[in-house]
Structure formats: C-alpha cells, structure tokens
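So the chains spell out like this:
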Amino acid sequence: MMNFQGSHILSISQFDRDAVSRILQVAQSMIPYAARQKRCHVLEGAILNNLFFEPSTRTRISFGTAFQLLGGFVQETVGAETSSLSKGESLFDTAKVISGYSDVIAMRHPEINSVAQFATGSSVPVINGGDGANEHPTQALLDLFTIQAEMTRFGKGIDNINIVLMGDLKHGRTVHSLSKLLSLYNNIHVTLVAPKALQMPDYIVDILTNAGHKVTMTDSMAGNLQSDVIYQTRIQQERFSSLEEADRYRGHFSLNKEVYQQYCKDHTVIMHPLPRDSRPEANELDVDLNDNHNLAIFRQAQNGVLVRMALFALTLGVDEKLTQYEKPVTWYRG
Ligand code: NCD
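Residues numbered from 1 in each chain as written. Predicted model: local features only at pLDDT ≥ 70, side-chain atom pairs only at ≥ 80, totals over all residues. Heavy atoms only, no water.

Caption draft 1: Seen up close, the packing of aromatic side chains. By the definition in use, this model includes 5 aromatic pairs. Here phenylalanine 4 and phenylalanine 15 contribute two aromatic rings whose centre-to-centre distance is 6.3 Å and whose plane-to-plane angle is 35°, an arrangement assigned as tilted. Taken as a pair, phenylalanine 4 in the segment before helix 1 (17-29) and phenylalanine 15 in the segment before helix 1 lie far apart in primary sequence, 11 residues in all. As far as the burial class goes, phenylalanine 4 and phenylalanine 15 line up, both buried. Following the ring pairs from residue to residue traces out a cluster consisting of Phe52, Phe63, Phe67 and Phe312. One residue, arginine 308, lies across the ring of phenylalanine 63, its end atom 4.8 Å from the ring centre. (Phe/Tyr/Trp six-rings, centres within 6.5 Å; stacked < 30°, edge-to-face > 60°. Helix = DSSP H or I, 4+ residues; strand = E, 2+ residues; numbered from the N terminus. Buried < 20%, exposed > 50% of the residue type's maximum accessible area, 1.4 Å probe, protein only. Lys NZ or Arg CZ within 6 Å of the ring centre and 35° of its normal.)

Given below as structure tokens:
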C-alpha cells in the first residue's frame, strides 16, 4: 500500500484501490469533527499555504476549512497577479520559498502539469487543487466518497454501477480524474454524453475500456440516462478560445425535472462538481430539481471537507492519532 506520509497528491494515477479505500475510510472518521460533535487539534501549529491562481469557491474554502478543523493555521494567496509569478518568477523558485514557510501546500493553477512542476521545488507535500484541464484528484475522491455514500442507500457499492458523465468532458478535469478513479473498480457501465466536439479525450476512454468497463459514447440524452448516477458538468468556458465558441455548446444538455422524469430512473442520483451555470442560456442543472432527494450536489460539496481532512491527516502522518487530540465543542450549535 502507498505510503502517504510526506507524499504529494498530484494525480489519481498514483493510487491503487487499497490507497483509495484508506482515504475514504479516514474521511469517514472525520465526520464527528466536521459535524462539530467534537474538536480535533492534531494539526495545532501546522501551516497550510493555500495557493489559488485560478477562480475557486468550494475547493479553496474547503481545503482551508478542513485544515482548520484539524487545528492548523491557513494562509491564503488568491490570483497570480498578487504574487511574484506575475514578475516572471518560476513555479520552482516559488515552491522553494513558500514550502519553507509551510507544512503542506494546496495549489490550483490554469496550466496542465503546473502543480507537478511546482512540487519538484517543494520540501513539503503539495496537493493538486486542479491544474488546467488535466486533473482534480481531490474532487474525484470526494465524488467517489459521495457515490459510495449515496449507493449505500440502495444497498449497492461502487462496483457494478451505471454512471452517466454529461457535459464538457473534453475540458472538464473533474471527469478526467473521476474516470481514472472508476478504472480501479469493477464492471462499471460509463455513458459519456457530450457534443461530439467536447467528448472525453481518447486516453481517458482507453483507461476505462482497459479496466474492462463498458463505455457508451453519445450526443443524445434520449434513452441514455437510465443510470444509478448522473454526473453533470459545466461548459468550461475559460478553456475555449472565445466566449462565442463556448456559447455554441450551452443549453444542449440541460437536466431539469422534465428530462429527469422522462429519461432517468426513479432514484438516479444527481451529482455535479459545482459551480452549476444557472444563467438561462446554460441552465445545465435546473433549480426545479432542488427538492428531489436524489439531488446530491450539496451533500457532495460537504463531503469535500471530509476528504480533504483525510488527505491532510494522511500526508502529515497523523491519521492514527486523531482520537488522542480531541476536545469538546464549547459553543452553541443549533
Ligand atoms: C470544478 C473545477 O474547478 O474543475 N469545480 C470544482 O472544483 N468543484 C468544476 C468546474 O469549474 O466546472
């Protein structure tokens, strides 16, 4: 099994199924702390540098929340324009310096492989919070945690499920990392619903088929959404050469109550990494599904805190010490 302590978390490719099970198990053990039934101060005194050179809400804030829930301090850098990267400093030099100020670093950057490049200069673990269209490993882990949790409601696991990945599969890094993760499991039917020009890259399709999974590729929702899980994604407009080009693909695969009733199963679980594009011309996941109990999007976002707590505990080698560092919660919690 992989030794997490001191490791960078850069790509799903570095994990086997046992390593993923361990992450999900540690994430599960974080529930009492995230739910504020107890506190845990096992990382008291440790410093996370949270470096986000691309827009983010959930990923950045949940990394920070996760670290603080374990008692650590968080320093935030948002936007390359406020750092010396805008003066031409290399990622390597930046990493040499910032890692000297940190115990762990979480980083998002618009370029493919940038976080791995940064990690070569870092003396502390670096966790990839998204590198361009490449990967978003912590999102995939929280997605898998969510699939497991939601499937438990129906007496199922991760093996043997049907899952639809829908939307911008070409530029969406979350679906790339999630596909790699699904390739560690057995007998999954993956249906890829996207406009032809935004279909899943061949190398990811190969990873799924080499794992023995059945892969269906289509540009039509009709007859293709009868799945256990549907994972909707946003048109990644920031990765198109122009806004007009991105506009061409908006609104083709909107999931709403009518589509759900017509094409999905009674209990198809709806997931989305968020943000959903709620502008009328996109409306990829309609608010008319908000009262559907199978809409898992906010449970999914909440699970991000648990998974990121687990990754901090594992990379900093405190995953077996959590219960020794507990304290009571002293404030009002509703
Ligand atoms: C995703 C991302 O940044 O790749 N968001 C997230 O981290 N939850 C998906 C997206 O931006 O569409």
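Still more to cover.
Caption draft 2: Structural view of the site of the ligand. In the vicinity of the ligand, the residues found are Thr59, Arg108, His136, Gln139, Arg173, Thr174, Arg234, Gln236, Pro273, Leu274 and Pro275. A distance of 3.1 Å separates a nitrogen atom of the ligand from a polar side-chain atom of glutamine 139. Between the ligand and the protein, one listed contact pairs a nitrogen atom with a backbone N or O atom of proline 273 at 2.9 Å. Protein contacts shield 94% of the accessible area of the ligand, which totals 320 Å² for the unbound molecule. In a pocket analysis with a 2 Å cut-off to the grid points, the ligand is assigned to the largest pocket. A class-by-class count of the residues in the shell around the ligand yields 3 nonpolar, 5 polar and 3 charged. (Near = heavy atom within 4 Å. Polar contact = N/O pair within 3.5 Å; in protein donor to acceptor, adjacent residues only side chain to side chain. Areas by Shrake-Rupley, 256 points an atom, 1.4 Å probe, with all protein chains shown as cover. 1 Å grid on protein atoms, 1.4 Å probe; cavity = no way out; pocket = protein on both sides within 12 Å on 5 of 7 lines; lining within 4 Å. Sits in = over half its atoms within 2 Å of the grid points. Nonpolar A, V, L, I, M, F, W, Y, C, P; charged D, E, K, R; others polar.)

Caption draft 3: Local environment of the sheet that holds strand 9 (residues 229-232). Within the open sheet, the 5 strands sit side by side as 8-7-6-9-10. Their pairing is parallel. Two strands in the sheet have a free side with no partner beyond their single neighbour: strand 8 (214-218) and strand 10 (269-271). Neighbour to neighbour, the strand axes of the sheet diverge by 15° on average, direction disregarded. One ladder, built from 5 bridges, connects strand 6 (residues 162-166) with strand 7 (residues 189-193); its direction is parallel. When the bridges of strand 7 are listed, asparagine 162 appears paired with histidine 189. Strands strand 6 and strand 9 of the sheet are contacted by helix 7 (residues 173-182), whose axis makes an angle of about 160° with strand 6. On top of the sheet, helix 8 (residues 202-210) reaches strand 7 and strand 8; it is set at about 145° to strand 8, its chief contact. (Pairing = 2+ DSSP bridges. Axes fitted to C-alpha atoms, helices over the stretch in contact; angles between N-to-C directions. Contact = heavy atoms within 4.5 Å.)

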